[in-house]
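Descriptive analysis of the structure
So the chains spell out like this:
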Amino acid sequence: MVYGLGIESSCDETSIAIVKDGKELVSLKVYSQIETHSPYRGVVPEIASRAHLEKINALLSVCMEESKLSFQELSYVAVTGYPGLVGSLMIGAQLARCISLVHSIPIVLVNHLEAHLAVIGLEGELPAFPWLGVLLSGGNSSIYVYKGFGDLELLADTQDDSLGEAFDKVSAILNLPYPGGPTIEKKALQYERPKGEKSPFPKLLKEDGSDLIRFSYSGLKTAVLYYLKSLGNQMPVERICYYFQKTAFELVLRNINKAIQKTQIKTVVAAGGVLANETLRSLLEAEKTNRSFQLYYPQKKIYCTDNGAMVACLGYHLWKEKKFVGLDFKVSPKRNFEQIL
Ligand code: KG4
């Protein structure tokens, strides 16, 4: 039996977890800073680092206690090293260094984005590589060709706002709370679309005949803003949320299909905060059936948002490959592995 500790502190969630054999959750604790950042409608880096520092040791104690394990029983400490807010990453990194130094446990450095994808290993057998890794979060709208642990190639990226960011900004335009995703989803579900009604928003990134796969959501955000202005004092919030989601998710499905066509890879693993959205989950399920690809995404919503379990899970596979780092490892805001190590 191999027990590993996972430390996540890249953005606004402080989280510690213990995982057995890379596939079984033993303990997971997450402290979300959402309330702290919500008055600013976004994550304030300096506040985030301080909040991590205040919470991280307590989370570690609770996690260790719950697991009934001693540090000597841990085989590795996995920590998110990149990408993320540097000040926040440093808090998790320092904890990993301390544990490693005091208890002589090797450290494995984990790519946060890769961990979001690998977390499906906690819910069942991992499919054979390669996968198309679709990341839809507050910071990313991207598709990777995931060839093996530590081996990702960027296939598609956003040109401006990420999908989660678009949810958050449209929520601000509509005077709804931060983060926008959960509220917009709820409002959209309350809308009953009259038969034949057309969307007030244009299709995103109309086809230009090229095989480039791109995401772009800032135009949709602006379309929402101008649509609202054109309505004067009316605020049909549910209707706007419904068509915003519909337009935004159509691009996700279109890009997944393009990626399958371009690479001939038929294993799609989707992850990130936006995957908590039930409408998106249903659309992906329907698309999987229509287009016959294999689809995986975290069933438990706690695995969609940032968490230490995904770090410990990916850490296990890197540990098996002996991909250890020394105490002098670096953290980075960059997402490209080669640029960092
Ligand atoms: O992966 P994540 O927890 O964090 C980072 O990107 O660091 O993603 C957060 C994003 C936010 O933009 C939030 O609005 C979005 O995920 N989100 C959702 C939902 N829940 C969270 N978007 C759409 N529908 C949801 N139910």
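Criteria and thresholds
- Residues numbered from 1 in each chain as written.
- Predicted model: local features only at pLDDT ≥ 70, side-chain atom pairs only at ≥ 80, totals over all residues.
- Heavy atoms only, no water.
- Helix = DSSP H or I, 4+ residues; strand = E, 2+ residues; numbered from the N terminus.
- Expected span 1.5 Å × (residues − 1).
- Contact = heavy atoms within 4.5 Å.
- UniProt positions renumbered as here; feature names shortened; annotations may be inferred.
- Buried < 20%, exposed > 50% of the residue type's maximum accessible area, 1.4 Å probe, protein only.
- Pairing = 2+ DSSP bridges.
- Axes fitted to C-alpha atoms, helices over the stretch in contact; angles between N-to-C directions.
- Domains from an automatic or database assignment.
- Buried area = accessible area lost by both parts, 1.4 Å probe.
- Salt bridge = Lys/Arg side-chain N within 4 Å of Asp/Glu carboxyl O.
- Nonpolar A, V, L, I, M, F, W, Y, C, P; charged D, E, K, R; others polar.

Glancing now at helix α7 (residues 218-230). Side chains three or four residues apart in an α-helix point the same way, a direct result of the helix having 3.6 residues per turn. Here α7 contains 13 residues, and its C-alpha end-to-end distance of 19 Å stays within 8% of the 18 Å for a straight helix at 1.5 Å per residue. Buried positions along α7 lie against α5 (163-173) and α8 (237-263). After α7 finishes, the residue G232 shows a positive phi value of roughly 70 degrees.

The next subject is the UniProt feature "binding site: Fe cation" (unreviewed entry) in the protein. Listed under "binding site: Fe cation" (unreviewed entry) in the UniProt record, and renumbered for this structure, are H112, H116 and D306. In three dimensions, the annotated residues from a span of 195 residues occupy one location, with a maximal C-alpha spread of 8.6 Å. Of note, H116 is situated in helix α4 (residues 112-118). Residue H116 is classed as buried on the basis of its relative accessible area, which comes to 2%. Inspection of the secondary structure assignment puts D306 in the loop between β11 (294-296) and α10 (308-320). With a relative accessible area of 11%, D306 lands in the buried category.

Next up on the list: α5. Within α5 the residues assigned to the buried category are L163, G164, A166, F167, D168, V170 and S171. For α5, the secondary structure elements touched by its buried residues are β6 (131-136), β7 (141-148), α6 (180-189), α7 and α8. Just beyond α5, the residue with positive phi is N175, at close to 60 degrees.

Strand order in this open sheet of five strands is β3-β2-β1-β4-β5, and the pairing throughout is mixed. Of all strands in the sheet, those with a lone pairing partner are β3 (24-32) and β5 (107-111), marking the two edges. In this sheet, neighbouring strand axes are inclined to one another by 20 degrees on average, regardless of whether the strands run parallel or antiparallel. Relative to strand β4 (residues 74-82), strand β1 (residues 3-8) runs parallel, the two sharing five bridges. What sits directly across from Y3, in β4, is L74. Along the sheet, α10 contacts β1, β2 (13-20), β3, β4 and β5; its crossing angle with β4, the most-contacted strand, is approximately 115 degrees.

Moving on, we come to the domain arrangement of the protein. Entries for the protein in the domain assignment read domain 1 (3-119 + 303-320) and domain 2 (129-297). Distance from the C-alpha centre of domain 1 to the C-alpha centre of domain 2: 28 Å. In this assembly, 17 residues from domain 1 lie in contact with 25 residues from domain 2. Buried area between domain 1 and domain 2, summed over both chains or domains, comes out near 1600 Å², and the portion from carbon and sulfur atoms is 71%. Interface area lost by domain 1 to domain 2 is led by R41, L117 and C304, which between them contribute 45%. Across the contact surface, domain 1 and domain 2 share zero salt bridges. Going through the elements one at a time, α4 and α10 are the ones with two or more residues in the side of domain 1 that touches domain 2. For the side of domain 1 that touches domain 2, the leading source of residues is α4, giving five residues. Here the side of domain 1 that touches domain 2 is composed, by residue class, of eight nonpolar, six polar and three charged.

To continue, consider the pairing of β1. Burial runs high along β1: six of the six residues are buried. Alternating positions in β1 separate into two faces, Y3, L5 and I7 on one and G4, G6 and E8 on the other, with burial throughout. Bridge count between β1 and β2: six bridges; the pairing is antiparallel. Among the inter-strand pairings, G6 is bridged to a residue of β2, identified as A17. As consecutive antiparallel partners, β1 and β2 are separated by four residues.

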